[in-house]
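One letter stands for each residue in the lines below.
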Amino acid sequence: MPVKWIVLGLAILMYVLIVIFPEKKSLSAMGAALLMILIRAAGTEDTFSSLIKEAGTELINWYVLMIFVGSLIIAELFTYSRVPAVIADTLVIKSPNVGVAMVLILIIAGLISAFVENVATVLVMAPIALTLCNKLKINPMYFMTGLAVMANLQGTATLVGDPPSMIFANFSGYGFNDFFFYQGKLSIFFAIQVGMIVGALYFYRIFAQKGEGKADVEQEKILSMVPSWLLILMIAGLAAASFVYGGISLASGLVVMILAASGLVWYRWGRKERYGQVWELVKGLDWDTTFFLIGIFVVMGAISSVGLLEDFAALLSRIIGTNVFLGFVLIVAVSVLISGFVDNIPYIIVMLPVAASLSGQLSLKPELYMFALLTGSCMGGNLTPFGASANVVAVGILRKQGVKMNFAQWLKTGLPFTVLTTVFSALFIWVVWR
C-alpha cells in the first residue's frame, strides 16, 4: 500500500478519535504524529532520532507555541486582576436599561476575547451574567450562550485571539498589524467587527424584551492594574515586532514569553501568592491544546510531504472550475459545517494551503479564499454546544445552576447567530478583497 494512503488513513483515524474523545485530543494528535514518524523511518534510511529532530526543528512552529502559552498566562493574570468584571459592572451601572447593558457586556466580552483566551473570558463574565439574570428572574440560557458565541467570534479578529489565527498568520506571513490593515485594505479584524455588530443587534432583539429597567450590581474592586499593562505591552510588542520583522518571528514569541514570565514573577512576589498558587495557575493553562498543536504540526507536515494537499486542491478545482463565487461560498459553508462538529485547528492547517492554491489557479488575491476559510472555520464553532471550548464551559456553568441546555436549545440561538454573523462578515470580505 502506498505511503500516501497510510498517512491519509491515520489522519482520518485521528479525526474520528478527536470527534469521539474530544477531551483526549492531544493524545490522538501526538499518537498520530508518532506513528507517521515511525512509518517514515521504516520506509527510508533516516533514523527515528533524526526524524524526531527534523520534526522539532522544521515542522513544529515554536514561535506560535510561545505566543500561545505566553498569552494564556497573561490572560489568566488579567482575569485574576478583576478588571474585566469591573468593566462589565460599570456598563450595567451606566446603561439606561438592563437590555442595553447585557448587549454591551457581550460586546466588551468579545473585544476582550480578541486578546484573551475565550474560555477565560466566559468564566470571568459568567458571574455577572448569572447575577443579572437572577435579579430579573429570567432564564440565563440566552446570556450565557451569547457570552460564548461572542467570545468565539472575536477570537478570530487578532493574531493572539485563537490558535487558528496564529496558524493563519504563520502560513501567510501575517504580522500582528496585518490583521487590521493589509496592502492598503481593511483586513480580517474589520470583517469580524461587521459580524459583531450584526450579532449584537441579534442579541439586542432578544434582550430588549427581557431586560427593561435598571438592575443594581455590587461593584467589583480591581486587585491590580499590572496585568492590564502586561496585556497592553503584549499588544504593543507584537505590533512592533510585526512592523520590524513581519509575520510571526522569534521576536514575537520572546516578547510574549518575557511578559508572561514577568507576570508570574509579579504574581508570586508582588501579590505574595504562594508557590503552590503559581503552580496551580501554570498547571491550569490549556496544555491539552498546546500538545495538540505540536502533534497537529507534525501530522500536517506528513500530509503535505506525501502530496495529499495537492490532490485535495485538484479535486476542489475540478468542482469549482472558473466560478470564483462558487468557490468562495463553498469554502465558507463547508468550513462552518465541519467546524461546528470537528476541532477547527487540524481543519484549518489542512485547508490553508488548499485555499491558497485555489486562489493562485483562479488568479485571485489569496486573502479572498483564506479569509473565507478563517471566518467560516472559526464562526462554525458557534453552531453547536460542543463546537468550541467556550460553548462547553457555558453549558457546564448553566448545568451547575440547574439549567439544562440540550442540542436543540443551543441550535435555536446558535444557528441564526452563526448564519447572520458569517454571512455579513463574508460579504465584507467579498466586497473588499474580490
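## A closer look at the overall build of the protein chain
Piece 1. Broken down by element type, the protein chain carries 20 helices and 2 strands.
Piece 2. Here the C-alpha coordinates of the protein chain stretch approximately 70 × 55 × 45 Å along the principal axes.
Piece 3. The buried share of the protein chain, reckoned over its 434 residues, is 56%.
Piece 4. Considering only residue pairs separated by 6 or more positions, the protein chain has 78% of its internal contacts joining residues 24 or more positions apart.
Piece 5. Just so you have it, the protein chain exposes about 18,500 Å², and 67% of that area is on carbon and sulfur atoms.
Piece 6. Counting 26 positive and 22 negative side-chain charges, the protein chain places the averaged centre of each group 9 Å from the other.

## Comments concerning the packing of helix H4 (residues 62–80) against helix H9 (residues 163–172)
Piece 1. Between H4 and H9, the least distance of the axes is 10 Å, while the angle of their chain directions is 155 degrees. Here H4 lies roughly antiparallel to H9, going by the angle between them. Classified by chirality, the crossing of H9 by H4 is right-handed. In contact with Val 64, Ile 67, Phe 68 and Ser 71 of H4, H9 contributes Pro 163, Met 166 and Asn 170.
Piece 2. Here the residues of the contact of H4 with H9 are counted per class, giving 5 nonpolar, 2 polar and no charged.

## Let's talk about the packing of aromatic side chains
Piece 1. A complete count under the given rule lists 22 aromatic pairs for this structure.
Piece 2. Here Phe 181 and Phe 190 contribute two aromatic rings whose centre-to-centre distance is 5.3 Å and whose plane-to-plane angle is 50 degrees, an arrangement assigned as tilted.
Piece 3. We classify Phe 181 as partly exposed; its relative accessible area is 48%.
Piece 4. Given a relative accessible area of 25%, Phe 190 falls into the partly exposed group.
Piece 5. Relative to Tyr 275, the ring of Trp 269 has its centre 6.2 Å away and its plane inclined at 90 degrees; by these criteria the two rings are edge-to-face.
Piece 6. Trp 269 gets classed as exposed once you look at its relative accessible area, which sits at 53%.
Piece 7. By way of ring pairs, the aromatic residues Phe 168, Tyr 174, Phe 179, Tyr 182, Phe 371 and Trp 433 are connected into one cluster.

## Overview of the pattern of salt bridges
Piece 1. Under the criterion given, the structure shown has 1 salt bridge.
Piece 2. Here Glu 280 ties to Lys 283 by a salt bridge, and the two come within 3.3 Å at their closest N and O atoms. Of this pair, Glu 280 and Lys 283 are both found in helix H13 (residues 275–283), 3 residues apart, which corresponds to roughly one turn of the helix.

## A closer look at the packing of helix H10 (residues 188–207) against helix H20 (residues 407–433)
Piece 1. With their axes 8 Å apart at the nearest point, H10 and H20 run at an angle of 145 degrees to one another. Between H10 and H20 the crossing geometry is right-handed. Where H10 abuts H20, its residues Ile 188, Phe 190, Ala 191, Ile 192, Val 194, Gly 195, Val 198, Gly 199, Tyr 202 and Phe 203 lie against Lys 412, Thr 413, Pro 416, Phe 417, Leu 420, Thr 421, Phe 424, Ser 425, Phe 428 and Ile 429.

Criteria and cut-off values
- Residues numbered from 1 in each chain as written.
- Predicted model: local features only at pLDDT ≥ 70, side-chain atom pairs only at ≥ 80, totals over all residues.
- Heavy atoms only, no water.
- Helix = DSSP H or I, 4+ residues; strand = E, 2+ residues; numbered from the N terminus.
- Buried < 20%, exposed > 50% of the residue type's maximum accessible area, 1.4 Å probe, protein only.
- Contact = heavy atoms within 4.5 Å.
- Areas by Shrake-Rupley, 256 points an atom, 1.4 Å probe, with all protein chains shown as cover.
- Lys, Arg positive; Asp, Glu negative; His and termini not counted.
- Charge placed at Lys NZ, Arg CZ, Asp CG, Glu CD.
- Axes fitted to C-alpha atoms, helices over the stretch in contact; angles between N-to-C directions.
- Parallel < 35°, antiparallel > 145°, perpendicular 65-115°, else oblique.
- Left-handed = near helix turned anticlockwise from the far one by under 90°.
- Nonpolar A, V, L, I, M, F, W, Y, C, P; charged D, E, K, R; others polar.
- Phe/Tyr/Trp six-rings, centres within 6.5 Å; stacked < 30°, edge-to-face > 60°.
- Salt bridge = Lys/Arg side-chain N within 4 Å of Asp/Glu carboxyl O.

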